[in-house]
Amino acid sequence: MKRILGLLIILALLGGAAFWFLTAPQRADPDLFAGVSGDAERGETIFWAGGCASCHAAPGAKGDDRLVLAGGYRIVSPFGTFVTPNISPSGEGMAGWSVEDLGNALLHGTSPDGRHYYPSFPYGTYQHIEPQDIADLKAFLDTLPPSDTADAPHEVGFPFTIRRGVGLWKRVNMTSDWVLQEATTPELERGRYLVEALGHCAECHTPRDMTGGLDRSQWMAGAPNPSGKGRIPAITPDKLDWSATDIAYYLETGLTPDYDSAGGQMVSVIANMGHLTKEDRTAIAAYLKALPQDG
Amino acid sequence: MKFTLPVIGGLLVAGVLATTATSQDEIDPALATAIEARKAHMRLNAFNLGLLGAMAKGEIEYDAEAAAAAAQNLDALSRMDESRYWQPGTDMETLGKDHTEALEAIWAENSEIGDRAETLTETTAAMTEAAGDGLESLQQAMGPLAKACGGCHEDFRVADDN
């Protein structure tokens, strides 16, 4: 009896060590950003393509108010409600952050003090962003108006309150592979970067598995709305029969091919897409048209 | 186990009540006609905007005269007296989503619906200037006009994912 107990204790310790090892937050290689300097103007494109304002502007903000990244937007999920933090250049936000700090957050979901962020911050997408683009984005974020709104706590229950556990989630769900493996033209390559590295379109349009990770075999095949009401439509070429021109124009103006306007959460995505160049919107449309058809 | 039957019975009753509240059952025909009329008005908006959009996208060739006519239609539509379409009590919260997507907020005190209607008129007026004046100026006027449509829908029409 004693021996079995002892064995169990050793196993538990080993398990704990393995958990500790498997869940350790990762950081970017500091050399990645050595000698990289940011250009705020280029960073603005990354900002809009990345949709930062959709989650970090105050809820309901419109026009220039979307540049005040005070946070407070609530993301409802089966794991609880996450409230986005202030990321404006202020003491309550990102004042004092280095490019490397932002790099760790976007590429690895790791905070400056070495904790895991929750994946409701879509770093599963942002892990593909190029170091130069992160430096540019940082330079742009530094130009934005400060806000002194304090962060509100997330409303999540045990065991999701244990951030360390997010390390396991990352192990299972973070993959550096592209979904569209063959980007045969520069336009498709750009579209893939805009969608898979920045646009986090999949966060809404792709269904999730049990762990809350994206089911990459059903990429953009439509999904239940995480807040529980309605469905987010499929945008694969077999399900969405819009022309590439229709898609690009929708992303620019919000007008559907029958000239009704986009609704729901897509409105804020379109407000971001309106800041991109026409070429970029066309590249996104070309990317969607090139996606594998869902059987 | 004793609770099972009453609970199921209760759920059934609740289900029946819930379906009657939202299904295609009869509402006051006068209200139904008003709702139909405003939807028809909206579809005329979309129909005329559609011609301008098709030109802006390059799906059909730019035609200054046709574009100007569609813009004038939109402008005339936006200046019509719509008060009889928007009767109090014809909101989604009261009648259910099968009848209308118009939100109660339209009729709330201090509702900004009037400002939205005015914004639409400003943008349709700009379009009447722009539409006949070359493809590029038409394309530029589309953005604000589309935003005037979408902005009102965002606040005053129920979202599909909500």
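Residues numbered from 1 in each chain as written. Chains lettered and ligands numbered in written order. Predicted model: local features only at pLDDT ≥ 70, side-chain atom pairs only at ≥ 80, totals over all residues. Heavy atoms only, no water.

**Considerations on the overall build of chain B**
The cut-off we apply is this: Per the convention used, a helix needs a DSSP run of H or I reaching at least four residues, while a strand needs a run of E reaching at least two, with both numbered from the N terminus. Each residue's exposure class comes from its accessible area (1.4 Å probe, protein chains only) as a fraction of the maximum for that residue type: buried when under 20%, exposed when over 50%, partly exposed otherwise. Between two residues, a contact is recorded if the distance between any of their heavy atoms is within 4.5 Å. Here the Shrake-Rupley method, with its probe set to 1.4 Å, supplies the accessible areas, and only the displayed protein chains count as covering residues.
Looking only at helices and strands, one finds six helices and zero strands in chain B. Helices and strands in chain B line up, N terminus first, as α-α-α-α-α-α. The proportion of buried residues among the 162 residues of chain B is 38%. Once local pairs closer than 6 in sequence are excluded, the contacts in chain B between residues at least 24 apart make up 69%. For chain B, the exposed surface amounts to about 9,700 Å²; the carbon and sulfur share of it is 59%.

**Description of helix 6 (residues 131-141) of chain A**
Counting buried residues along helix 6 of chain A, 10 of its 11 residues qualify, which places the element largely inside the surrounding structure. Residues of helix 6 of chain A that are buried: Pro131, Asp133, Ile134, Ala135, Asp136, Leu137, Lys138, Ala139, Phe140 and Leu141 of chain A.

**Focus on the interface of chain A and chain B**
Formally: A pairing counts as a salt bridge when a side-chain nitrogen of Lys or Arg comes within 4 Å of a carboxyl oxygen of Asp or Glu. Here the nonpolar group is Ala, Val, Leu, Ile, Met, Phe, Trp, Tyr, Cys and Pro; Asp, Glu, Lys and Arg are the charged ones; every other residue, Gly included, is treated as polar.
Opposite the 18 residues of chain A that make contact, chain B presents 21 residues. The tally of links between chain A and chain B comes to three salt bridges. With a closest N to O distance of 2.9 Å, Asp260 of chain A and Arg157 of chain B form a salt bridge. Counting residues per element, the side of chain A that touches chain B draws most heavily on helix 10 (residues 244-253) of chain A, at four residues. For the side of chain A that touches chain B, the per-class residue count stands at five nonpolar, eight polar and five charged.

**Digging into the sheet that holds strand 2 (residues 80-83) of chain A**
Each strand in a sheet pairs with another by means of backbone hydrogen bonds, the pair being arranged parallel or else antiparallel. Residues and elements named next belong to chain A. Basically, it comes down to this: Strands are treated as partners if at least two bridges between them are detected by DSSP.
The three strands are arranged 1-2-3 in an open sheet whose pairing can be described as antiparallel. The open sheet terminates on both sides in strands that have one partner only, identified here as strand 1 (74-77) and strand 3 (155-156). Two strands pair when backbone bridges link them, and strand 2 and strand 3 are joined in this way by two bridges, in the antiparallel orientation. Pairing of Gly80 across the sheet is with Val156, part of strand 3.

**Description of the domain arrangement of chain A**
Residue and element names in this part refer to chain A. We count it as follows: In this entry, domain limits derive from an automatic or database-based domain assignment. Here's the idea: put two parts together, see how much 1.4 Å probe accessible area each one loses, and the total over both is what we call buried area.
Taken domain by domain, chain A holds domain 1 (29-173) and domain 2 (186-290). For domain 1 versus domain 2, the distance between C-alpha centres works out to 21 Å. Contacts between domain 1 and domain 2 engage 22 residues on the former and 26 residues on the latter. Here domain 1 packs against domain 2, burying approximately 1,900 Å² in sum over the two surfaces, 56% of which is carbon and sulfur. Looking only at domain 1, the three residues that lose the most surface to domain 2 are Trp48, Ala49 and Thr125, adding up to 29% of its buried area.

**Regarding the pattern of salt bridges**
Applying the stated rule across the entire model yields 15 salt bridges over all chains. Residue Asp246 of chain A pairs with Lys57 of chain B through a salt bridge whose shortest N-O separation is 2.6 Å. Of this pair, Asp246 of chain A sits in helix 10 while Lys57 of chain B sits in helix 2 (residues 29-57), on two different chains. No difference in accessibility class separates Asp246 of chain A from Lys57 of chain B, as the two residues are buried. Between Arg281 of chain A and Glu252 of chain A there is a salt bridge, with the nearest N and O atoms lying 3.8 Å from each other. Of this pair, Arg281 of chain A sits in helix 12 (residues 278-290) while Glu252 of chain A is found in helix 10, placing the two residues 29 residues apart along the sequence. Among the residues examined, Arg281 of chain A registers a relative accessible area of 6% and is labelled buried. Here the salt bridges share partners, and the residues they tie into one network are Lys62 of chain A together with Glu112, Arg116 and Asp155 of chain B.

**Remarks on the nonpolar core**
All names here are of chain A. Just so we agree on the cut-off: Throughout this description, the term nonpolar core refers to a set of buried Ala, Val, Leu, Ile, Met, Phe, Trp, Tyr and Cys residues connected via side-chain atoms within 4.5 Å.
By size, the foremost hydrophobic cluster in this structure holds 51 residues, and its most contacted members are Phe47, Leu141, Leu198 and Met220. Elements with a contribution of two residues or more to this core: helix 2 (40-50), helix 3 (52-56), helix 4 (99-108), helix 6, helix 8 (186-199), helix 10, helix 11 (266-273) and helix 12. Mapped onto the domain boundaries, this core takes at least three residues apiece from domain 1 (29-173) and domain 2 (186-290). The contacts of Leu198, once residues within four sequence positions are left out, are Ile46, Ala49, Gly50, Thr125, Tyr126, Ile129 and Tyr193.

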